[in-house]
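# Close look at the chain arrangement
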Amino acid sequence: MSAYVSSTAEPPWFARPAARAWTCPPAPTGVRDFHTALPGYAPTPLTELPPMAAELGVGRVFVKDESCRLGLPAFKALGASWAVHRALAARAARGDATVPVTLVSATDGNHGRAVARTARLLGHRARIFVPRGVHRAAVTAIAAEGAEVSQVAGAYDEAVRRAAEASAAPGGLLVQDTAWPGYERIPGWIVEGYSTLCAEIDEQLAAAGAGTPGLIAIPVGVGSLAHAVVTHYRGRPAGPPPALLSVEPTAAPCVLESLMRGEPVSVTTGETIMAGLNCGTPSSIAWPQLRDGLDAAIAIPDAASARAAGDLARLGISSGPCGASSLAGPRAALTGDGADERRAALGLGPASTVVLLSTEGSTANPATTTADN
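Sequence positions are assigned chain by chain, starting from 1 and proceeding in written order. The predicted origin of the model limits local features to residues at a pLDDT of at least 70 and limits the giving and counting of side-chain atom pairs to 80 or more, whereas totals for whole chains, interfaces and linings rest on all residues. For side-chain calculations, the full set of non-hydrogen atoms in the structure is used, while hydrogens and water are omitted.

Put simply, the rule is: UniProt positions are given in the numbering used here, feature names are shortened, and annotations may be inferred rather than shown by experiment.
By the naming in an unreviewed UniProt entry, the chain goes by Diaminopropionate ammonia-lyase and is assigned to Streptomyces rapamycinicus. Here the chain is described in UniProt, under the heading Cofactor (unreviewed entry), as follows: "pyridoxal 5'-phosphate".

## Some remarks on helix α3 (residues 77-93)
In an α-helix there are 3.6 residues to a turn, and that puts residues three or four apart on one side. To keep it simple, the criterion reads: Elements are defined by DSSP. Helices are runs of H or I of four residues or more, strands are runs of E of two residues or more, and each kind is numbered from the N terminus. Helix span, as expected, comes to 1.5 Å for every residue beyond the first. When accessible area is computed with a 1.4 Å probe and restricted to protein chains, residues below 20% of their type maximum are described as buried, those above 50% as exposed, and intermediate ones as partly exposed. In what follows, a contact means two residues having at least one pair of non-hydrogen atoms within 4.5 Å.
For α3, which comprises 17 residues, the first-to-last C-alpha distance of 24 Å matches the rise-based estimate of 24 Å (1.5 Å per residue) to within 8%. Where α3 is concerned, the buried positions are A77, L78, G79, A80, S81, W82, A83, V84, A87, A90 and R91. Along its buried surface, α3 packs onto α1 (31-36), β4 (102-106), α4 (110-122), β7 (172-174), α7 (185-193) and α8 (195-207). G95 lies just past α3 and shows a positive phi near 90°.

## A short note on the pattern of salt bridges
Quick reminder of the rule: Here, a salt bridge means any Lys or Arg side-chain nitrogen found within 4 Å of an Asp or Glu carboxyl oxygen.
For the coordinates displayed, the defined rule picks out 23 salt bridges. A salt bridge links R32 to E203; the shortest N-O distance between them is 3.0 Å. Residue R32 is located in helix α1, and its partner E203 is located in helix α8; the two are separated by 171 residues in the primary sequence. For E203, a relative accessible area of 46% gives the class partly exposed. Residue E165 is joined to R161 by a salt bridge in which the shortest nitrogen-to-oxygen separation is 2.5 Å. Separated by four residues within a single helix, E165 and R161 lie in helix α6 (residues 156-166), roughly one turn from each other. By relative accessible area, which is 49% here, E165 ends up partly exposed. Relative accessible area serves as the criterion here: at 39%, R161 is assigned to the partly exposed category. Connected through salt bridges with shared partners, the residues E55, R307, D311, R314 and R331 form a single ionic network.

## Re the side chain of S246
With respect to the element layout, S246 can be found in strand β9 (residues 243-249). Residue class for S246 comes out buried when judged on its relative accessible area of 0%.

## Quick word on the sheet that holds strand β1 (residues 13-15)
Here is the rule: Should DSSP find at least two bridges between two strands, the strands are taken to pair. An axis is simply a line fitted to the C-alpha atoms; with a helix, the fit covers only the stretch in contact. Between two such axes, the angle follows the N-to-C directions and lies from 0 to 180 degrees.
Strand order in the open sheet made by the seven strands is β1-β10-β9-β8-β11-β3-β2, with mixed pairing throughout. Single-partner strands in this sheet number two, and they are β1 and β2 (46-48). Across this sheet, the average inter-strand angle for adjacent strands is 20°, counted without regard to direction. Bridge analysis of strand β8 (residues 215-219) against strand β11 (residues 353-358) gives three bridges, and the strand direction is parallel. Bridged to A217 within β11 is L356.

## Section: the packing of aromatic side chains
To keep things clear, this is the line we draw: Here the aromatic set is Phe, Tyr and Trp, taking the six-membered ring for Trp, and pairing holds for ring centres within 6.5 Å; pairs whose planes are under 30 degrees apart are stacked, those over 60 apart are edge-to-face, and all others are tilted.
Per the stated rule, a full pass over the model turns up three aromatic pairs. With 5.3 Å between their ring centres and 65° between their planes, F34 and W82 make a pair best called edge-to-face. A residue pair is termed long-range when its members are at least 10 positions apart, and F34 in helix α1 and W82 in helix α3 qualify at 48 residues. Accessibility classification places F34 together with W82 in one group, the buried group.

## Section: the environment of P253
Along the chain, the position of P253 falls in the loop between β9 and α10 (254-261). A sequence separation of 222 residues divides P253 from V31, and the C-alpha atoms of the two residues are 30 Å apart. Here P253 is in contact with E248, V267 and A299, once residues within four sequence places are set aside.

## Details of the nonpolar core
To keep things clear, this is the line we draw: Joining through side-chain atoms within 4.5 Å is the link that ties buried Ala, Val, Leu, Ile, Met, Phe, Trp, Tyr and Cys residues into a set, and such a set is a nonpolar core.
Within the largest apolar cluster, 79 residues are counted, with the highest numbers of intra-cluster contacts made by I186, I218, V229 and L357. Here this core gets eight residues from one element, more than from any other, and that element is α3. Discounting residues that sit within four places of it in the chain, V229 has contacts with C198, I216, I218, L244 and L357. Counting 35 residues, the second-largest nonpolar core is a separate cluster that includes L49, L215, A296 and A308.

## Overview of the side chain of S325
Turning to its location among the elements, S325 is positioned in helix α13 (residues 321-334). Overall, the relative accessible area of 0% leaves S325 in the buried class. Excluding residues that lie within four positions of it along the chain, S325 makes contacts with P219, V247, M274, L277, I300, S305 and P330.

## Here's the deal with empty space enclosed by the protein
Selection rule: Lining residues are those with an atom within 4 Å of a point, where the points come from a 1 Å grid over the protein atoms alone and group into cavities, where a 1.4 Å probe fits but cannot get out, or pockets, open sets with protein on both sides within 12 Å along at least five of seven lines. Grid points are joined across faces, edges and corners, and a volume is the space filled by probe spheres set on the points. Under the grouping applied here, Gly and all other residues not named as nonpolar or charged are polar, the nonpolar ones being Ala, Val, Leu, Ile, Met, Phe, Trp, Tyr, Cys and Pro and the charged ones Asp, Glu, Lys and Arg.
Counting across every chain of the model gives two cavities of 30 Å³ or more. Computed from the structure, the largest cavity encloses a volume of approximately 290 Å³. In terms of lining residues, the largest cavity is bounded by 24 residues, among which F75, K76, D177, G276 and L277 are the most central. Within the residue set of the lining of the largest cavity, elements represented by two or more residues are α4 and α9 (224-234). Looking at the lining of the largest cavity, its residues break down into eleven nonpolar, nine polar and four charged. Lining of the second largest cavity is provided by L72, P73, A74, K76, A77, G109, N110, R113, A114, A138 and A364. Considering every element that reaches the lining of the second largest cavity, the biggest residue donor is α4, with three residues.

Here's what the structure looks like:
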């Protein structure tokens, strides 16, 4: 069963409930042990929000609060730290350990800062390419990590292209969180790094007596975090599989459009306050997992994300526009015209547990206006 609605009465939407029957190999072991050994590691909070459960008509709602992860205001440090660790180990195995390294990446904000922080902690240089539309405070934060920042007049995909070219310089090491044919190993390690977040959720839900979630809402840019979530919950040997919902800006719905067409496509992106999700092309390694493992995808306007961020703030959760999309997406899916059909597609009932992945705090990527560009 699938559906797409583009009228003003209902949100852009795709559903494929058969995804809950699909399985895949699990994520590798050892990632969580690596993260727990890092200075400053602690599980981020999983906070219950009873008012949101009442509004959405479900049993319990929890938000995974990534506003402080390893000292940064977003979850991206999990992927960057693990990928750089694996990449440097691979260089050492080839006999390149003594060659000076410059970590290179493109970013809409959070990933680039995580790469820059990792480089600084390890004593390496970093060069980060930033597309238009990223708030200057986010750019300043990357530079404050000691990175060389190169601002690009084009969109995110253009920044990725520029970073890939720059990484060909001697000592360059591209640490990009999107993949394409010929560049897939390091993005795969980044995805593996995000598995720690999912493992924490399992433990925290068990401690709260909530069991297996009925729905997990995932903000999506190129799809790397969603790839990790799909792998975690579709690679489990037992237990009822949760529904997995991806959430994107209406200005950059590359995963939604790809799901509708049944093949990965690039979209022309517009302006959005969800800067970290403003991506035009799905990651090549994420696409097969998203195609087969996502139950549904939805796109939301900026106003819905801004409203959700305000509602979360009033409940004590610091969430930027990207993180707050994880509330805006289920709100759009489970309320309003057509909600009964969407709720049925997700398999949700009045006793279901919903988990919202708030991927960044309010300071990570402040909402951008034209004057801020």
